[in-house]
Structures are given as structure tokens and as C-alpha cells.
Amino acid sequence: MSWFKRQKNKQQVGVSFTDMHVSTVALAPGLDGAKPTVSLAAIQQVPLQATSTLRHFVTKNDLKAMPCNVMLNVDQYNVLQIEKPTMPESEIKQALRWKVKDLLDYSVEQAVVDGINVPVDPAYANRQPAMLAICAKKSTVSLIGNQMVEAGFNLKTIDVHALVQRNIAQLLETEGRALVMLTMLPRGCLLTFTAKGELYHARLIELDRDFLNDRGDLYQSNFDKLVLELQRSLDSFDRQFPYLSLNRLVVSPVANRDYLVSGLSTSLYVPVNVFNLEDIVDLPPNQDFASLEKQAMLLPALGAALREEAVA
């Protein structure tokens, strides 16, 4: 089983989960420039450990043979930007463990550690390149992997939310420009910066869970914090990657999104847009996807199903 590396783009299944539900998307790649096609999009109101219920679901929907990618949530992994070790590629993974050992709040011996390269500025090719080190507890990875297998999924890869969001963002990018994507989560929001299908930076901004449902002080204090942290992240990206021009910020589906987007549009210097699932995939015609809450629950699983193989 591989961790975090991209998988061949063929019909496959993506799974995401919370404490209360499991989302599953089965996806076939688009041909000749067409959108990918979603053949199944389902939300099971059970936790991931309800393996007998999920096993029935997998069998009923003929998912056993399809390669499956499951996503770790943002509280189950760390993304750390570090200088890329100067050594043969075959030795880098071990060197990453040494570099991150003092940056984790648990022993590196208990961790799964992998990394992806951050593309370098072509004008400064001699500068020390950077990497994003991705770390998760072995116990967490093993538990989730075992639960997926017990549920009958044909588990091939385990991914993280930041890279799953990259898979979505690359379908929204404008050629030669960078894209910022913001996804609201139960415990904050995930911010990713991508260009040419590569992840340059990921950040979690902690916010109160229900502030979007409020129109008083709770909303205003969290909105002000969000704007401040977004501005800092945008400025930092501009400094680190001056050769990449930011095209826009895209806000993922979430309840009360229009109110949030209206405020962000007047507070940030980059254009702020929204997108819905049908902008990037063809959805099953017999299901209603108008609900932003439903789209938000399916989006991470869709991103997992969009996983592709890295070029060797």
C-alpha cells in the first residue's frame, strides 16, 4: 500500500469520513477533455467503524473491485514545510524523519512520514528547494486502513485532506496562474495554494465551529480573524513565490456561503469566487445536489477519487 503518492487516473473510489458519517464517491475519468463522471455519490450516516453496515453498502454497489483512496482529516496529520535534504532521492524519506522529529508532538518513531516537492522558482534554480513533509501517527493510519479493509473496500492508498483539496483545485486553475482554495471545516478552514496541479502551501485556520450560522458577535469575530489570516497567507505566498500570480480565491460549498463570500470579496485584494460540484464533474442525473451542505460532505471524497499517479 502506498501513502500520499498519486495513483493512476482510472475508475476508482474516494472515501472521507467524520465521527458521524462516511462519504463515498465512485468516479470514471473523462475522455478527450470531457469532465470526469460520478457514477456513485453516497453519504452513510454511520461512523467508519461500522464496518458491517459499510460492507453491505460496498457489496450492494459493486465497489469491491474498484481501487479506493481514503482521506485523513486535518486533525489526523501534519504538513510541515522544510528545506529539501541534499542527498540522493532514495535517502530523502529517512532524512525527512530526522528533520521533523522535533516538530511533532509525538515520537517520530510512531509516525508515517512522506513528502512532496515544492516547485522551485525558475529564476532562482540554484536556491535550496523546499518540501512539504506529511506526517501521521502509524496507529491512526493502521486503524483507518484496517477499518476500510474490514468494510470491504479495495484500499490502495491513504491520502490527506490538503492533497485531496489539491486534486479539486487543479481542475479550477487558470493556466500559468496560482489558485487559492478555501474549504470550511467543522473546526476551522483549510487553505491551499496550488499552481500547475502542484501544492505549494497548505494551512489550517482555526475558527469557531458554528460562526457561519450566526449574524452577531460570533460571526464578526471569526470573520475578522479569517480575513486577517487570509491576508497574512496571501502576503506570505506573494513573498515566497513572486513568479506566481494569484488568479483568484475559490470558496468550496458550505451553508451560508453567499454571506461569507460577499464579505471576503470586499475585504481581500484577490477576486473571490464560488464553485459547485457540477463545475468540475458530471453528476448522476437521478440525485439532487443543490444542497450546499450535501456538496460539502461529498467534496473531500470526490477529491480522493480524483487522485492521479505522479510522473516518475
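Scroll up a little and you will see the structure.
Source: prediction; values computed, not measured. (Residues numbered from 1 in each chain as written. Predicted model: local features only at pLDDT ≥ 70, side-chain atom pairs only at ≥ 80, totals over all residues. Heavy atoms only, no water.)

A. Focus on the environment of Arg-187. As for its position among the elements, Arg-187 is in the loop between strand S10 (177–185) and strand S11 (188–195). Expressed as a C-alpha distance, the spacing of Arg-187 and Lys-60, which sit 127 residues apart in the sequence, is 33 Å. (Helix = DSSP H or I, 4+ residues; strand = E, 2+ residues; numbered from the N terminus.)

B. Spatial organisation of the sheet that holds strand S7 (residues 111–118). Read across the sheet, three strands follow the order S6-S8-S7 without closing on themselves; strand pairing throughout is antiparallel. Two strands bound the open sheet, and with one partner strand each, they are strand S6 (78–83) and S7. This sheet shows a mean twist of 25° between the axes of neighbouring strands, independent of strand direction. In this sheet, strand S8 (residues 130–137) lies alongside S7 in antiparallel orientation, the contact comprising eight bridges. Bridging across to S8, Gly-115 finds its partner in Ala-133. Together, S6, S7 and S8 form the strand contacts of helix H2 (residues 89–100), whose direction differs from that of S7 by roughly 105°. (Pairing = 2+ DSSP bridges. Axes fitted to C-alpha atoms, helices over the stretch in contact; angles between N-to-C directions. Contact = heavy atoms within 4.5 Å.)

C. Representation of the pairing of strand S13 (residues 245–251). With respect to burial, S13 is a largely interior element, six of its seven residues being buried. Two elements, S10 and S13, share six bridges in a ladder whose sense is parallel. The residue bridging Leu-179 from the neighbouring strand is Arg-248, located in S13. Bridging between S13 and strand S14 (residues 272–274) involves three bridges; their strand directions are parallel. Among the inter-strand pairings, Val-250 is bridged to a residue of S14, identified as Asn-273. As a crossover connection, the stretch from S13 through helix H6 (residues 257–267) into S14 is right-handed. (Buried < 20%, exposed > 50% of the residue type's maximum accessible area, 1.4 Å probe, protein only. Right-handed = clockwise from strand over helix to strand, strands pointing away.)

D. Representation of the environment of Thr-192 in the model. Tracing the sequence through the fold places Thr-192 in strand S11. Sequence separation of Thr-192 and Ser-233 is 41 residues, and the distance between their C-alpha atoms is 9.8 Å. With residues near it in sequence (within four places) discarded, Thr-192 still touches Ala-162, Gln-165, Leu-179, Val-180, Met-181, Leu-199, His-201 and Ala-202. Within the structure, the side chain of Thr-192 is placed 2.9 Å from the side chain of Gln-165, a separation counted as a polar contact. (Polar contact = N/O pair within 3.5 Å; in protein donor to acceptor, adjacent residues only side chain to side chain.)

E. Quick peek at the pattern of salt bridges. Applying the stated rule across the entire model yields seven salt bridges. The partner of Glu-89 in a salt bridge is Lys-84, and the shortest N-O contact between them spans 2.9 Å. Here Glu-89 falls in the exposed class, since its relative accessible area comes to 57%. The shortest N-O distance in the salt bridge between Arg-232 and Glu-229 comes to 3.0 Å. One end of the pair, Arg-232, and the other, Glu-229, are both in helix H5 (residues 217–240), three residues apart, so they sit about a helical turn from each other. On the accessibility criterion, Arg-232 (47% relative accessible area) is partly exposed. (Salt bridge = Lys/Arg side-chain N within 4 Å of Asp/Glu carboxyl O.)

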